[in-house]
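Spelled out from the first residue to the last, the chains are:
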Amino acid sequence: MSAPTPNDTVDRWLAELDAALRRGDAKAAAAMFGDDCYWRDLVAFTWNIRTMEGRDAIADMLGATLARVQPSGWARLGEASEANGVTEAWLRFETALARGKGQLRLIGGRAWTLLTTMVELKGHEEPHGDTRPKGTEHGIVRGRKNWAERRAEASAAMGTSVQPYVVIVGGGQGGIALGARLKRLGVPAVILEKNPRPGDSWRNRYKSLCLHDPVWYDHLPYLPFPDHWPVFSPKDKIGDWLEMYTKVMELEYWGSTECTHAAYDEARGEWTVELVREGRPMTLRPKQLVLATGMSAVPNVPTFPGSETFLGEQMHSSRFGSGEKYAGKKAVVIGSNNSAHDICADLWEHGADVTMIQRSSTHVARSDSLMDLALGALYSEQAVRAGVDTDTADLIFASLPYKALPALQVPVYDEMKRRDADFYARLEKAGFMLDFGDDGSGLFMKYLRRGSGYYIDVGASELVANGDVKLKSGVQVERIGPSSVTFSDGSELPADLIVYATGYGSMNGWAARLISQEVADRVGKCWGLGSGTRKDPGPWEGELRNMWKPTHQPGLWFHGGNLHQSRHYSQFLSLQLKARMEGIPTPVYGMQPVHHLS
């Protein structure tokens, strides 16, 4: 008798799972998982973003949700595969309310990882293909209004005779991606942005900025970049794309609009959002409020003794434009992560005398090595040729639980160390303090854990290694004088310009500013996994705190991250918001406790 094929193995497992779930046997279903196992659910079972780690946690989740979820129709999609003892397959399933897609990995006939995601709500599917709107009704109708007139009327009514169901504060890529998802689902939403035009948050950054992530990682929902788009997008080019996208997707995007205050009315179940739009005060009353202010939230601007006496220019990196006017000037850049390196390079290119102040160690990954070793299998032209489109890549990445990621990342960065050993040796010889994360897991885990502490090298490291950009490492700033910076080792540097490339605070800092400190404390810290590594205090939480899921403040949501996360997780946030608008019950399983206020 021949050995079972990967298809046979998966089909048998799914049939057994389906039978256990149909009879409501949570323990039997959990017993189908291995000793080391994970079930990651994106909204489909939990109305949450939640990873269950271990059989007991899986059984608890199923015991709490099976009666209402009523999962059924588990079936393999396409061909299963087997490599290195792991059998993998895509799958589909249904619940009482939704259709879903998932990904399964089996080891020895038992599940190692299972991903379940909500794709669409039954009866509330996105229009596309055969269900797209006609755009007009053929025939002769007196007084008919054309598309432009109907669009103008709808825009004029929003916020006056019609209230948005969702207000999104922040009109960068996060707010725009979510706005597009909500538009397709028929959820009335307004995006508030203090800058005049979509894309200005990119245009206003320093002149030399380009995205460090490759194009395949950065597509927006529904409209991918054209296939001639550069691998690394210049900031003004991405700004223009966002502006075009906002117009083409017909989003209610209010530029030159500043949200000044928001308060939640518990009795009415709605927000009062105060704003100033093009100089005119307005009030909106949405049911849901989304802070889409991005990972780069409230700037961290340190206060050093004597800074008020400084006679030159000093600014946070978010306000740095270009090094053009600093030729021949002495510039001190405090920080050693992405923005610090980019700004140092820009100043050096324009003839400034630049010193980088490195106060703690930094992980550096060369762009070419990162593309090849860390991203190439999922986000590259090679991946596209292999049939891995962006949506598939997103789901593959999402299927790897955060608890398991570090062990999978360590070999990638071990190979990077080996491949780029000469590069790292020259940096260390220059005095640069390097690290690969607390556990050697590299850049992406640092990003998830703390959102900082790394640089994707596109050239600035060479300036540091050869001394073109001077380096002062392992010191702290003691004080600032009228024309100098003094350090903890007693040394002093003359300065005409000080740039604080010192990062940003937690996104809930915006909740404190716009709503109240009480609400910010109620929801707690945003981002981080509770890994117990530097700047990511425990306990372990298993998912990013507060991101794209319900918070402890009713009607308040956080949406942010890079372009990949804005694209991928906007799908699941939009489905949660759509369900609430339609009055669909959304009992949340596994709401995370608050351990850290900021």
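If you're wondering where the values come from, they're calculated on a predicted model, not measured in any experiment.

Before going further, it helps to examine the nonpolar core. Counting residues in hydrophobic clusters, the biggest one holds 165 residues, and the most contacted among them are Trp13, Leu62, Leu192, Leu289 and Leu347. Per-element tally for this core: the top contributor is helix H18 (residues 563–581), with seven residues. Once residues lying within four places of it in the same chain are set aside, the contact partners of leucine 62 are Leu21, Ala26, Ala29, Trp39 and Phe45. Core analysis: the second largest hydrophobic core is formed by 13 residues, Phe310, Ile480, Phe487 and Ala495 among them.

Under the defined criterion, the tally for this structure stands at 21 aromatic pairs. Note on phenylalanine 304 and tyrosine 500: the rings are 6.2 Å apart at their centroids and 35° apart in plane angle, and the pair reads as tilted. Placement of the pair is phenylalanine 304 in the loop between strand E13 (288–291) and strand E14 (313–316) and tyrosine 500 in strand E23 (residues 497–500), with a sequence separation of 196 residues. Like phenylalanine 304, the residue tyrosine 500 is buried in the burial classification. Through pairs of rings, three or more aromatic residues link up here, namely Phe397, Phe444, Tyr447, Tyr454, Trp527, Trp548, Tyr569 and Phe572. Between arginine 184 and the ring centre of tyrosine 222, over which it is positioned, the NZ or CZ distance is 4.1 Å.

Our next topic: the environment of arginine 205. Looking at the secondary structure, you find arginine 205 in the loop between helix H6 (200–203) and helix H7 (235–248). Expressed as a C-alpha distance, the spacing of arginine 205 and aspartate 236, which sit 31 residues apart in the sequence, is 9.1 Å.

The next thing to look at is the sheet that holds strand E11 (residues 270–277). The three strands lie next to each other as E10-E11-E12, forming an open sheet whose pairing is antiparallel. Pairing within the sheet leaves two strands with one partner each, and these edge strands are strand E10 (257–265) and strand E12 (280–284). In this sheet, neighbouring strand axes are inclined to one another by 15° on average, regardless of whether the strands run parallel or antiparallel. Looking at chain direction, E11 and E12 are connected through five bridges and run antiparallel. Its bridge partner being in E12, valine 276 is matched across the sheet by proline 281.

The parallel open sheet is built from five strands, whose spatial order is E14-E23-E15-E16-E19. Two strands lie at the open edges of the sheet, namely E14 and strand E19 (470–473), each paired on one side alone. Each strand axis lies, on average, 15° off the axis of its neighbour in the sheet, ignoring direction. The pairing of strand E15 (residues 330–334) with E23 spans four bridges and is parallel. Note on E23: the bridge partner recorded for valine 332 is isoleucine 498. In the packing of helix H8 (residues 338–349) onto the sheet, contacts are made with E15, strand E16 (353–358) and E23, and the angle to E16 comes to roughly 165°.

Here is what the cut-offs are and how they apply
- Residues numbered from 1 in each chain as written.
- Predicted model: local features only at pLDDT ≥ 70, side-chain atom pairs only at ≥ 80, totals over all residues.
- Heavy atoms only, no water.
- Core = buried A, V, L, I, M, F, W, Y, C linked by side-chain atoms within 4.5 Å.
- Buried < 20%, exposed > 50% of the residue type's maximum accessible area, 1.4 Å probe, protein only.
- Helix = DSSP H or I, 4+ residues; strand = E, 2+ residues; numbered from the N terminus.
- Contact = heavy atoms within 4.5 Å.
- Phe/Tyr/Trp six-rings, centres within 6.5 Å; stacked < 30°, edge-to-face > 60°.
- Lys NZ or Arg CZ within 6 Å of the ring centre and 35° of its normal.
- Pairing = 2+ DSSP bridges.
- Axes fitted to C-alpha atoms, helices over the stretch in contact; angles between N-to-C directions.

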